[in-house]
Amino acid sequence: MTNDTRSIVILTGAGISAESGIDTFRSAGGLWEQHKVEDVATPEGFGRDPELVLGFYDARRAALASVEPNAAHRALARLASQYSGDVLLVTQNVDDLHERGGSKQVLHMHGELKRALCQSCEMRSAWDAPMLGRPKCPICQSPSLRPDVVWFGEMPYQMERIYAALSTCDLFVSIGTSGAVYPAAGFVQEARGAGAATLELNLEPSEGSHFFAESRHGRASELVPAWVDEMLAN
């Protein structure tokens with residue numbers, strides 16, 4: 001990457017948190033493998049069996065206490081705090097490892113495990129307790145809470161802001177993503193079409209690797225700190 005890069009948009013996916021022990025959709029024997037996605041990650045699944053869904057996300061939320069951010073999370077926090085240009089960190093992950101790794105501003109396009117959405121008053125609030133048992137909304141007192149995560153078939157958050165940033169950034173970097181889940185999989189084409197340089201940092205080539213001008217493959221905990229060192233040296 002050249003030293004005239006001014007504005008960076010970074011997209012992170014499950015691969016950056018996998019090294020910390022967070023299950024991905026493809027984890028063998030992991031939490032996701034025990035359930036069909038349509039049963040635990042769709043509005044229809046929640047409508048059919050809310051207790052199953054609430055228990056599933058309670059387990060995922062509780063599991064956060066046993067994992068820690070890794071070197072990739074910490075490196076991105078260092079970049080944001082020391083880089084002279086603008087850095088927008090967008091994540092598809094619903095965990096809090098970026099924040100615990102030191103990042104101050106993270107755009108969670110798929111929501112957050114540690115937030116609740118009330119289906120009655122539509123208010124969102126911080127949430128760290130189980131949802132099984134139907135606790136009351138802290139705002140309207142209705143027992144109508146669901147995880148504030150974006151399920152399949154729902155619109156990701158802050159898409160207008162993301163597309164605006166992609167249209168003006170100088171560099172788009174994708175870290176630990178499969179390149180299979182839209183709309184995030186299309187971000188590289190948006191950025192490239194607007195003239196940005198593009199870089200993929202991934203364990204292996206993603207489904208969208210051919211869209212990137214440069215791809216580096218290996219562990220995020222090794223690739224990301226090395227790339228951040230390059231950017232800050234420039």
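Please read all numbers here as calculations on a predicted model, not as lab measurements.

## Thoughts on the pattern of salt bridges
In step 1: Under the criterion given, the structure shown has 16 salt bridges.
In step 2: Beyond isolated ion pairs, a larger network of salt bridges with shared partners links Glu68, Asp96, Arg100, Lys114 and Asp128.

## Things to note about the side chain of Asp95
In step 1: Structurally, Asp95 is set in the loop between strand S2 (86-91) and helix H6 (97-100).
In step 2: In this structure Asp95 is buried but unpaired, with Arg60 as the nearest side chain of opposite charge at 6.7 Å.
In step 3: Within the structure, Asp95 has its side chain in polar contact with the side chain of Ser17 (distance 2.9 Å).
In step 4: In this structure the side chain of Asp95 is engaged in a polar contact, spanning 3.0 Å, whose partner is the backbone nitrogen of Leu97.
In step 5: Look past the residues within four positions of Asp95 in its chain and what remains in contact with it is Ser17, Ile22, Leu64 and His108.

## Details of the sheet that holds strand S6 (residues 145-149)
Pairing between the strands of a sheet is mediated by backbone hydrogen bonds and can be parallel or antiparallel.
In step 1: On the basis of which strands lie adjacent, the open sheet formed by 3 strands has the order S5-S4-S6 and antiparallel pairing. Edge strands, defined here as strands with exactly one partner in the open sheet, are strand S5 (124-126) and S6. Each adjacent strand pair in this sheet contributes to an overall mean axis angle of 45°, direction not counted.
In step 2: Bridge analysis of strand S4 (residues 111-118) against S5 gives 3 bridges, and the strand direction is antiparallel. Paired with Leu117 across the bridge in S5 is Arg124.
In step 3: Along the sheet, helix H4 (residues 50-63) contacts S4 and S6; its crossing angle with S6, the most-contacted strand, is approximately 55°.

## Details of the packing of aromatic side chains
In step 1: Scanning the model with the defined rule gives 5 aromatic pairs in all.
In step 2: The interplanar angle of 85° and the centroid separation of 5.0 Å between the aromatic rings of Phe56 and Tyr57 together place this pair among those described as edge-to-face. In terms of burial, Phe56 and Tyr57 fall into one category: buried.
In step 3: Aromatic side chains Tyr163 and Phe187 sit 5.8 Å apart centroid to centroid with 80° between the ring planes, which places their arrangement in the edge-to-face category. Remark: Phe187 occurs in helix H8 (residues 187-193) and Tyr163 occurs in helix H7 (residues 159-166); sequence separation between them is 24 residues.
In step 4: Among the residues examined, Phe187 registers a relative accessible area of 1% and is labelled buried.
In step 5: Among the aromatic residues, ring-to-ring pairing joins Phe46, Phe56, Tyr57 and Trp151 into one connected group.
In step 6: In this structure, Arg146 is placed above the aromatic ring of Trp151, and the distance from its NZ or CZ to the ring centre is 3.7 Å.

Definitions and limits used
- For every chain, the first residue of the written sequence is number 1, and numbering continues from 1 onward in sequence order.
- Side-chain atom pairs in this predicted model are given and counted only at pLDDT of 80 or more, local residue features only at pLDDT of at least 70, and totals for whole chains, interfaces and linings cover all residues.
- Only hydrogens and water are removed before side-chain values are computed, so all heavy atoms of the structure are retained for them.
- Criterion for a salt bridge: a side-chain nitrogen of Lys or Arg within 4 Å of a carboxyl oxygen of Asp or Glu.
- A run of H or I in DSSP counts as a helix once it spans at least four residues, and a run of E counts as a strand once it spans at least two, with each numbered from the N terminus.
- Exposure classes here rest on a 1.4 Å probe applied to the protein chains alone. A residue is buried below 20% of its type maximum, exposed above 50%, and partly exposed in between.
- By the counting rule applied here, Lys and Arg register as positive and Asp and Glu as negative, while His and the ends of each chain are not counted.
- Counting of polar contacts relies on pairs of N or O atoms within 3.5 Å, with two restrictions inside protein: one atom must be capable of donating a hydrogen and the other of accepting it, and residues adjacent in sequence are counted only when both atoms are side-chain atoms.
- Throughout, a contact is declared for two residues whenever any of their heavy atoms are within 4.5 Å.
- We treat two strands as partners when DSSP finds at least two bridges between them.
- A fitted line through C-alpha atoms represents every axis, and for helices the fit uses only the stretch in contact; the resulting angles, taken between N-to-C directions, go from 0 to 180 degrees.
- Pairing of aromatic rings covers Phe, Tyr and Trp, the last through its six-membered ring, and needs centres within 6.5 Å; plane angles under 30 degrees mean stacked, over 60 mean edge-to-face, and all others mean tilted.
- Placement of a positive charge over a ring is assigned whenever Lys NZ or Arg CZ falls within 6 Å of the ring centre and within 35 degrees of the normal to the ring plane.

Worth remembering: the numbers are spatial, not functional.
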